[in-house]
Amino acid sequence: MDHERKLKICLVLAVICSPVLGAEWTADVVKSIDALVGSCVVLPCTVSHPGTYLSTSRLRGIWHRKDKWNENFYHEDSTKILDSFKGRTKLLGNLGQNNCTLEIVQVKDHDNGPFCFRVELVRKDNNEPTKEKFSFVEKCADIKMIHDVPKLKLGPIKTANPGKPYTLTCSVHHTCPSHRPQIKWSRENKDDEITEVHKPIHSGIWEAESILSFVPEEKDDESELICTATFNGGMKSEEKFTLNVKRIENYNHIIIPAVAVAATAVIFGLFCVLMVKKYKPCDANSYGGQKDNKPLFLSPKSQPNPCK
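Residues numbered from 1 in each chain as written. Predicted model: local features only at pLDDT ≥ 70, side-chain atom pairs only at ≥ 80, totals over all residues. Heavy atoms only, no water.

For the protein, an unreviewed UniProt entry supplies the name Ig-like domain-containing protein and the organism Poecilia mexicana.

Rendered as structure tokens:
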């Protein structure tokens, strides 16, 4: 009986513990990512396990070199971290929430990895690791070093209309969401509106975006707008844009002379009509003259002469 009882207890414990301590643990780590030398980079990582919830206090996350488990890029005990990485790495995620994301600051040329994640279960009483350790060396991250700051993107490029709202967007891709680039504009008008957007693109790549909205005036035509992004570490990238503002057409130089000419013509025409009426020739046969060579019987004194 005792033997059967012990066997049943072992089976029950196996059923309870196997979901947590089994081989079903998995991790998803970005395979390759760019990093700006002198700035920072974030390696996205998620870890999952079957069974019930495990608190962060029961889990220990370690990032190590692929072929050398004792060469740690990150460890909660800083004395176990490689000297070249001390003070430059930390876990951004909460292991209890399946987040094992790693941040590296002050990126150097030799920080190319591969970076592999390992998780250990620790005891509640003394925080010592148990024999249960899971390393995911088949899913490690490689870092590609870049020395030139990413190029900014400006748009949409179009002609502005005076007095009407105008919007211009400046954006840049990066791989350090914990210290995203700071984007500034050369315009400093108090009425301008600036909206900042930060969103993930894919596989650890993020986009920082600044949207400038303002109402241009004619005096802004041919003015220069400068967008500057400052990355963690102090590196800067900028892009310039010459604003074209459509001018309001002024036809006064055509309308005023035309109206003046028309008015002059009208006045001259009226003047001519009056002069013609005043000096129109009289019909001599109608007033005191002769008709058919026969003298008129009316005396000139008795007939008024309008031609006088």
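(A) The arrangement of the environment of L121 in detail. When you line up the elements, L121 lands in strand β9 (residues 115-122). Separated by 65 residues in sequence, L121 and T56 place their C-alpha atoms 9.7 Å apart. (Helix = DSSP H or I, 4+ residues; strand = E, 2+ residues; numbered from the N terminus.)

(B) Up close: the packing of aromatic side chains. Under the counting rule described, the total for this entry stands at 7 aromatic pairs. The interplanar angle of 5° and the centroid separation of 6.3 Å between the aromatic rings of F117 and F136 together place this pair among those described as stacked. Pair noted here: F117 is in strand β9 and F136 is in the loop between β10 (129-135) and β11 (142-146), with a separation of 19 residues, a long-range link. For F117, a relative accessible area of 0% gives the class buried. Chaining the aromatic ring pairs together yields one cluster made of W63, F117 and F136. (Phe/Tyr/Trp six-rings, centres within 6.5 Å; stacked < 30°, edge-to-face > 60°. Buried < 20%, exposed > 50% of the residue type's maximum accessible area, 1.4 Å probe, protein only.)

(C) Quick peek at the sheet that holds strand β17 (residues 223-230). Overall, antiparallel pairing links the 3 strands, which are arranged β14-β17-β18 in an open sheet. Every other strand in the sheet has two partners, leaving β14 (182-185) and β18 (236-243) as the edge strands with one partner each. Between one strand axis and the next, the sheet turns through 15° on average, direction left out of account. Sheet topology places β17 next to β18; 8 bridges connect them, and they run antiparallel. Its bridge partner lying in β18, C227 is registered against E239. (Pairing = 2+ DSSP bridges. Axes fitted to C-alpha atoms, helices over the stretch in contact; angles between N-to-C directions.)

(D) Just the pairing of strand β4 (residues 45-48), in detail. Because side chains alternate across β4, one face comprises the buried residues C45 and V47, and the other comprises T46 and S48, none of which is buried. Where strand β1 (residues 26-29) meets β4, 4 bridges bridge the pair, whose relative direction is antiparallel. The residue of β4 that forms the bridge with A27 is V47.

(E) Local environment of the nonpolar core. Of all hydrophobic cores here, the largest spans 32 residues; its most connected members are W25, L43, W63, F115, F117 and I143. The greatest single-element share of this core, amounting to 4 residues, is contributed by β9. (Core = buried A, V, L, I, M, F, W, Y, C linked by side-chain atoms within 4.5 Å.)

(F) Seen up close, the confidence of the model for the protein. In this model, the protein carries a mean pLDDT of 82, and residues with pLDDT of at least 70 account for 75%. This model gives residues 284-302 a pLDDT under 50, and the stretch forms 9 contacts once residues within four places in sequence are excluded. (pLDDT = per-residue confidence, 0-100. Contact = heavy atoms within 4.5 Å.)

(G) Region of the structure containing the pairing of strand β15 (residues 193-202). The pairing of β15 with strand β16 (residues 205-214) spans 9 bridges and is antiparallel. Bridging from a neighbouring strand, E193 pairs with S213 of β16. What sits between β15 and β16 in their antiparallel hairpin is a turn of 2 residues, with S203 showing a positive phi close to 45°.

(H) Representation of the state of the cysteines within the structure. Across all of its chains, the model carries 4 disulfides by this definition. Sulfur-sulfur distance for the disulfide between C40 and C176 comes to 1.8 Å. The sign of the -110° torsion about the S-S bond sets the C40-C176 disulfide as left-handed. Of this pair, C40 sits in the loop between β2 (32-36) and β3 (41-43) while C176 sits in the loop between β13 (166-174) and β14; the two residues are 136 residues apart in sequence, bridging distant segments of the chain. Considered together, C40 and C176 belong to a single accessibility category, that of buried residues. C45 shares a disulfide with C100; S-S distance 1.8 Å. Taking the torsion about the sulfur-sulfur bond, which here is approximately -80°, the covalent link between C45 and C100 counts as left-handed. Pair noted here: C45 is in strand β4 and C100 is in the loop between β7 (89-91) and β8 (102-104), with a separation of 55 residues, a long-range link. C100 gets classed as buried once you look at its relative accessible area, which sits at 0%. (Disulfide = S-S within 2.5 Å.)

(I) Geometry of unusual backbone geometry. With an omega of 5°, the peptide bond between G113 and P114 qualifies as cis. Residue position: P114 is located in the loop between β8 and β9. With an omega dihedral of -10°, the bond running from G155 to P156 counts as a cis peptide bond. Within the chain, S203 stands out as a residue other than glycine whose phi angle is a positive 45°. With respect to the helices and strands, S203 occurs in the loop between β15 and β16.

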